[in-house]
Amino acid sequence: MTRILPTALISGVIVGLLVAAYMNIFNVPVMEWAIALEGCDIDRAGCAEQLAAAEDEDPLPLSFATTLGGQRIGMSIGLAVVGILFGAVFAGLYHLMRNATPGWNPWAWAAVAGLLGFWALSMYTQIKFPLNPPGIGSDETLLARQGFQFLFMAVSTISVALAIYGVGLINRSATGSGRWIRYAGVGAAYAVVALLLAFAIPGVRDAAPGWLPPELTIIFRTFTAAGHFLLWMGIAFATVGYRRYRERDVHAYHHSSGATSAATG
């Protein structure tokens, strides 16, 4: 893992910036739409009616208006930092997958580790704590929401890591039909922990304001989940792809060195 960790961290930064470009194209306009709705000086209901009337003539006129702003720069920096975090978690999961399933190839390890990381840190967390566009959420509940969300992410990731470790123990000790029974036991144990996690940790949610169109929230969450998926899989395949490329170069170098030595000898 020590060899793959630096590559995963660098991949996290690079892929994070690439995903930030995707998010700036697709999701920032949705955020600007929410900000425009929130910032209406007239009463919120009247503002929503005016924007709805405008959308009848030109669908989502505010949502895809391209503007430059601090939110774009902030999102790029934020996703680069998130990429570093995801890269570190991916390196750990990849290491566990490699030990648990020694017969697999690196691409399979990368794909499964990336998918499990996406589930544990991104998708399952977003199911429990749905992400909202700007303007939703009270300052009074901010610390509680962030604290419980961080706890949920930590326990979720540890649970997935333990499940992989359990599979590794089974592969090293069990054979035949007993192995599949133990696999089912690991899956059932993870399902129980995941359900307990979902119900034990409070889900602090703030009600959506009346001026917020439901489709705005759906679009925002869909683009965000897709961005996280691209980030995880980009880190996974970029990391392993680079490592494979380097190993091929090292192998070719040693092969050529050996051939030269044999020729001169």
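Just so it is clear, the structure is predicted and the values come from calculations on it, not from any experiment.

### Observations regarding the overall build of the protein
Then step 1. Counting its regular elements, the protein contains 7 helices and 0 strands.
Then step 2. Taken from N to C terminus, the helices and strands of the protein fall in the order α-α-α-α-α-α-α.
Then step 3. Taken over 265 residues, the protein has a buried fraction of 38%.
Then step 4. A separation of at least 24 residues holds for 83% of the contacts in the protein among residues at least 6 apart in sequence.
Then step 5. As displayed, the protein offers around 14,400 Å² of accessible surface, 69% of which is attributable to carbon and sulfur atoms.

### Examining the packing of helix 3 (residues 70-100) against helix 4 (residues 106-128)
Then step 1. The N-to-C vectors of helix 3 and helix 4 enclose an angle of 130 degrees; their axes lie 8 Å apart at closest approach. Comparing their axes, helix 4 and helix 3 come out oblique. As for how helix 3 packs across helix 4, the hand of that crossing is right-handed. Of the residues in helix 4, those touching helix 3 at Phe86, Val89, Phe90, Leu93, Tyr94, Met97 and Arg98 are Pro106, Trp109, Ala110, Val112, Ala113, Gly114, Leu116, Gly117, Leu121 and Ser122.
Then step 2. Broken down by class, the residue content of the contact of helix 3 with helix 4 amounts to 13 nonpolar, 3 polar and 1 charged.

### Focus on the nonpolar core
Then step 1. Judged by nonpolar contacts, the single largest core of 54 residues is most densely connected at Val19, Phe90, Leu93, Tyr94, Leu216 and Trp232.
Then step 2. Residue assignment for this core shows that the elements contributing at least two residues are helix 1 (4-38), helix 3, helix 4, helix 5 (142-173), helix 6 (177-200) and helix 7 (214-264).
Then step 3. At 13 residues, the largest contribution of residues to this core is made by helix 1.
Then step 4. Non-local contacts of Trp232, meaning those with residues more than four positions away in its chain, are made with Phe86, Val89, Phe90, Gly114, Gly117, Phe118, Leu121 and Ser122.

### A few points about the confidence of the model for the protein
Then step 1. Overall, the predicted model of the protein reaches an average pLDDT of 82, with 75% of residues at or above 70.
Then step 2. By mean pLDDT, the top-scoring element of the protein is helix 4 (96), and the lowest-scoring one is helix 2 (residues 44-57) (51).
Then step 3. Low pLDDT, under 50, characterises residues 57-68; the stretch is placed with 18 contacts to residues that sit more than four places away or in other chains.

Rules and cut-offs
- Residues numbered from 1 in each chain as written.
- Predicted model: local features only at pLDDT ≥ 70, side-chain atom pairs only at ≥ 80, totals over all residues.
- Heavy atoms only, no water.
- Helix = DSSP H or I, 4+ residues; strand = E, 2+ residues; numbered from the N terminus.
- Buried < 20%, exposed > 50% of the residue type's maximum accessible area, 1.4 Å probe, protein only.
- Contact = heavy atoms within 4.5 Å.
- Areas by Shrake-Rupley, 256 points an atom, 1.4 Å probe, with all protein chains shown as cover.
- Axes fitted to C-alpha atoms, helices over the stretch in contact; angles between N-to-C directions.
- Parallel < 35°, antiparallel > 145°, perpendicular 65-115°, else oblique.
- Left-handed = near helix turned anticlockwise from the far one by under 90°.
- Nonpolar A, V, L, I, M, F, W, Y, C, P; charged D, E, K, R; others polar.
- Core = buried A, V, L, I, M, F, W, Y, C linked by side-chain atoms within 4.5 Å.
- pLDDT = per-residue confidence, 0-100.

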